[in-house]
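Read off the chains here:
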Amino acid sequence: MRKLYLNSFSIIPRMDFAESLLQRKLLLIGNFILTSGKTSPYYLDLRRLPNYPEFFTVVDKAIEELRNVKFDMIIGIATGGIPLASFVACKLGKPMGYVRLEKKGYGTDKLLEADVKDKEIVIVDDVATTGGSIERSADEIIRNGGKVSHALVIVDRKEGAKERLEKMGITLHYLYSIHDILKSILPKLNDNERKMIEEYLVKNVEG
């Protein structure tokens, strides 16, 4: 029996996270060209996740994951990391800011919208792939006098982010592994989709 999520509007069934991604079309199965040029049998887009009640489960899991982490401020990476950073910061009573991936080209033309000097920062994003966005954000925070030892994402795609960030002294926390998500949705897929995902999982064994 599914749990119920109660808010001021209605009682909504709370789905398993992986099943939810598939049904909400936040996880698509097919052949996709990524920004890296690689081909992937799945496409993950969590920018619409805050539209749905499952997002609040993610917020709760993020707070639990950070329970033993000492930090002063949360910085979200635009745009995917900002909603989660905002909710977590609000619930924990922590200051929050964000970092852009590129300058606006007008106004103050800043990348970092926060005063991070002498503060321990947790960087928050929706997805980690290679870790490049988190690394660039950490560099900007450090340039502005902040310190970064931890980053948190909803999903780790297991494509090198953890190892890349470890070299910077940053621990990557994640709430879900893409491998676990893909394994759990296999029964929901048709034969062709299942074959693609199974081949991907064999080639990309989680370390």
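Each residue is numbered by its place in its chain's sequence as written, counting from 1. This being a predicted model, a pLDDT of at least 70 is required before a residue's local features are given, and a value of 80 or more before pairs of side-chain atoms are given or counted; all residues contribute to the totals for chains, interfaces and linings. Only hydrogens and water are removed before side-chain values are computed, so all heavy atoms of the structure are retained for them.

Topic: the overall build of the protein chain
Per the convention used, a helix needs a DSSP run of H or I reaching at least four residues, while a strand needs a run of E reaching at least two, with both numbered from the N terminus. Of regular secondary structure, the protein chain possesses seven helices and ten strands. A sequence separation of at least 24 residues applies to 59% of the contacts in the protein chain between residues at least 6 apart. Surface accessibility follows the Shrake-Rupley procedure with a 1.4 Å probe radius. Residue values consider only the protein chains on display as shielding. Accessible surface computed for the protein chain: about 11300 Å², of which carbon and sulfur atoms make up 50%. Here, two residues are considered to be in contact whenever any of their heavy atoms come within 4.5 Å of each other.

Quick notes on the environment of K117
Along the chain, K117 falls in the loop between β7 (112–113) and β8 (120–128). Residue K117 is classed as exposed on the basis of its relative accessible area of 54%. Sequence separation between K117 and K147 is 30 residues; the distance between their C-alpha atoms is 8.2 Å. Each residue touching K117, except ones within four places of it in the same chain, is listed here: N144, G145 and G146. Residue exposure (1.4 Å probe, protein chains only): buried if accessible area is under 20% of the type maximum, exposed if over 50%, otherwise partly exposed.

Quick word on the sheet that holds β8
Reading across the sheet, the six strands line up as β7-β6-β5-β8-β9-β10 and stay open at both edges, with mixed pairing between neighbours. The two strands at the open ends of the sheet, each matched to only one other strand, are β7 and β10 (171–177). Here, any two strands with at least 2 DSSP bridges between them count as paired. When strand β5 (residues 73–77) meets β8, the two strands line up parallel, connected through four bridges. Bridge pairing in β8 links G76 to V124. Running over the sheet, helix α2 (residues 54–65) touches β9 (147–156) and β10 and is turned about 145° from β10. Most of the contacts of helix α3 (residues 82–92) go to β5, to which it runs at about 160°, and overall it touches β5, β6 (96–99), β8 and β9. Axes, fitted as lines to C-alpha atoms, cover a helix only where it is in contact. Angles between the N-to-C directions of the axes lie from 0 to 180 degrees.

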